[in-house]
Amino acid sequence: MVPPAATASPSTSQDIPRLGTPDAPAVKDPVKDTILTPRFYTTDFEAMAAMDLRPNEEELEAICEEFRKDYNRHHFVRNETFDGAADKLDPETRKVFVEFLEQSCTSEFSGFLLYKELSRRIKEKNPLLAECFAHMARDEARHAGFLNKSMADFGLQLDLGFLTANKSYTFFKPKFIFYATYLSEKIGYWRYIAIFRHLERHPESKIYPIFNLFENWCQDENRHGDFFDALMKAQPDTVRGFSARLWCRFFLLAVFATMYVRDVARKEFYEALGLDARDYDKYVIAKTNETSARVFPVVLDVDNPKFWQRLERLVTNNAALSAADAAGGPAPLRALRKLPLWAANGLEMAKLFLMAPIRSEQFQPAVR
Ligand SMILES: [Fe+2]
Ligand SMILES: [Fe+2]
């Protein structure tokens, strides 16, 4: 698997001293890769270039026209509300907030790299698709750049060039890219809008001004999700038939379970915003599941209490896994302690996967 050659990286602010100069913010070491950290993807560019869009060309053309309007061209501006805002956070909140910024910046940047590389590699053969990807890369570059500027407020910065060259890239066939990115865009939309609306009702919990930008920001993610929805409809076999039903279930589960375990493990961040991590995730998962029924042939039965009980078991196992790591000792001994927990997680995931899904036409007959 060859990592895509990054030809450009999101512009960082002129007001941030260049990395390597004495005034530069410290370069933050990227967090260790785990199953819960954001991934970087690469795909089969030839297959993507050869994709026939005719079954849904009109809708894709309309979405591209929306992208061209670039509604958020002037949105990502740092105003005076950012001055000194970072210094007001207490040390504990600061720590969890920096983690949030880093994770968000990495996943926005991972979107940027994939979309940029796609637009570059398919330009000749598939200009409409290439243009859509170029507009989305533009948006993600802005998002990642803005988050990285916020990290600089905390005296840290991610070296995105280093990340590009050193992260490992996961290869996915185009249809798997569609499922994964569609879900990450839609879940991103629901995550941002849920925080924005909550803070609108509770302005006293707005611990940092970046949240003021989330309303328009999440509309970018929503449009990106709609693009993948239209793209899957242009390639109807990706969302039709037995194998598509299995894969959609798998991706929904993988995305939801990863988010739930990760968010509950850093519930202090949500507490700092006056949110309960579990309630927040339940809302975001239910909304993303409901949205996915517009394009996926099946969705998960998230109203079944067993679904949440099993996710809770993953949370417990994950905490025990972290404790086993923290306890130290020789690696083989640690692995021995962790083995039953990994097995238990595997079993829970299998049970979750085998839970009866809901056919989307039953779930949302009006929109299908
Ligand atoms: Fe984004
Ligand atoms: Fe996006």
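Everything numeric in this text was worked out from a predicted model, so none of it was measured.

## A closer look at the overall build of the protein chain
Helix and strand counts for the protein chain come out as 13 helices and six strands. Considering only contacts within the protein chain whose residues lie at least 6 apart along the sequence, 84% involve residues at least 24 apart. With the model as given, the accessible surface of the protein chain reaches about 17300 Å², and the carbon-plus-sulfur share is 54%.

## Observations concerning the pairing of strand 2 (residues 40-43)
Alternating residues of strand 2 divide into Phe40 and Thr42 and Tyr41 and Thr43, and every residue in both groups is buried. Here strand 2 runs beside strand 4 (residues 169-172); their pairing, made up of four bridges, is parallel. When the sheet's bridge partners are listed, Thr42 is paired in strand 4 with Phe171.

## Some remarks on the coordination of the iron ion (ligand 2)
Distances from the iron ion (ligand 2) to its protein donors, Glu140 (OE), Glu185 (OE), Glu185 (OE), Glu221 (OE) and His224 (ND1), fall within 1.9 to 2.6 Å. In primary-sequence terms, the residues that donate to the iron ion (ligand 2) follow E-x44-E-x35-E-x2-H.

## Comments concerning the coordination of the iron ion (ligand 1)
Around the iron ion (ligand 1), the protein contributes the donor atoms Glu108 (OE), Glu140 (OE), His143 (ND1) and Glu221 (OE), at 1.9 to 2.2 Å from the metal centre. Sequence positions of the residues that donate to the iron ion (ligand 1) give the spacing E-x31-E-x2-H-x77-E.

## A few points about the packing of helix 2 (residues 57-69) against helix 4 (residues 127-153)
Their axes nearest at 10 Å, the elements helix 2 and helix 4 cross at an angle of 35 degrees. Of the two possible hands of crossing, helix 2 and helix 4 adopt the one that is left-handed. Between helix 2 and helix 4, the residues in contact are Glu57, Leu60, Glu61, Cys64, Phe67 and Arg68 and Leu128, Glu131, Cys132, His135, Met136 and Arg138, respectively. Its residues placed into classes, the contact of helix 2 with helix 4 shows six nonpolar, one polar and five charged.

## What to know about the confidence of the model for the protein chain
Summarising the model, the protein chain shows a mean pLDDT of 90, and 90% of its residues fall at 70 or more. Below a pLDDT of 50 lies the segment residues 1-20, which in the model reaches 44 contacts outside its immediate sequence neighbourhood of four places, other chains included.

## As for the packing of helix 4 against helix 7 (residues 214-234)
Axis separation between helix 4 and helix 7 bottoms out at 11 Å; the angle between their running directions is 150 degrees. With respect to helix 7, the element helix 4 is oriented roughly antiparallel. In the crossing of helix 4 with helix 7, the sense of the turn from one axis to the other is left-handed. Within the contact between the two elements, helix 4 uses Leu129, Cys132, Phe133, Met136, Asp139, Glu140, His143, Phe146 and Leu147 and helix 7 uses Trp217, Asp220, Glu221, His224, Phe227, Phe228 and Leu231. Partitioning the contact of helix 4 with helix 7 into residue classes produces ten nonpolar, two polar and four charged.

## So, the packing of aromatic side chains
Tallied over the entire structure, the rule returns 45 aromatic pairs. Both rings, one in Phe154 and one in Tyr208, keep their centres 5.5 Å apart while their planes meet at 50 degrees; by these two values the pair is tilted. With Phe154 in the loop between helix 4 and strand 3 (156-158) and Tyr208 in the loop between helix 6 (174-201) and helix 7, this pair connects stretches of sequence that are 54 residues apart. The pair Phe154 / Tyr208 is uniform in exposure class, with both members buried. Where Tyr182 meets Phe296, the ring centres are 5.3 Å apart and the plane angle is 55 degrees; that geometry is what we call tilted. Placement of Tyr182 in helix 6 and of Phe296 in the loop between helix 10 (277-292) and strand 5 (298-299) is noted, with a sequence separation of 114 residues between them. The residues Tyr182 and Phe296 share a single accessibility class, namely buried. Over the face of the ring belonging to Phe353 we find Arg249, whose NZ or CZ atom lies 4.9 Å from the ring centre.

Conventions adopted
Residues numbered from 1 in each chain as written. Chains lettered and ligands numbered in written order. Predicted model: local features only at pLDDT ≥ 70, side-chain atom pairs only at ≥ 80, totals over all residues. Heavy atoms only, no water. Helix = DSSP H or I, 4+ residues; strand = E, 2+ residues; numbered from the N terminus. Contact = heavy atoms within 4.5 Å. Areas by Shrake-Rupley, 256 points an atom, 1.4 Å probe, with all protein chains shown as cover. Buried < 20%, exposed > 50% of the residue type's maximum accessible area, 1.4 Å probe, protein only. Pairing = 2+ DSSP bridges. Donors = N, O, S within 2.8 Å, 3.2 Å for Na, K, Ca; no water. Axes fitted to C-alpha atoms, helices over the stretch in contact; angles between N-to-C directions. Left-handed = near helix turned anticlockwise from the far one by under 90°. Nonpolar A, V, L, I, M, F, W, Y, C, P; charged D, E, K, R; others polar. pLDDT = per-residue confidence, 0-100. Parallel < 35°, antiparallel > 145°, perpendicular 65-115°, else oblique. Phe/Tyr/Trp six-rings, centres within 6.5 Å; stacked < 30°, edge-to-face > 60°. Lys NZ or Arg CZ within 6 Å of the ring centre and 35° of its normal.

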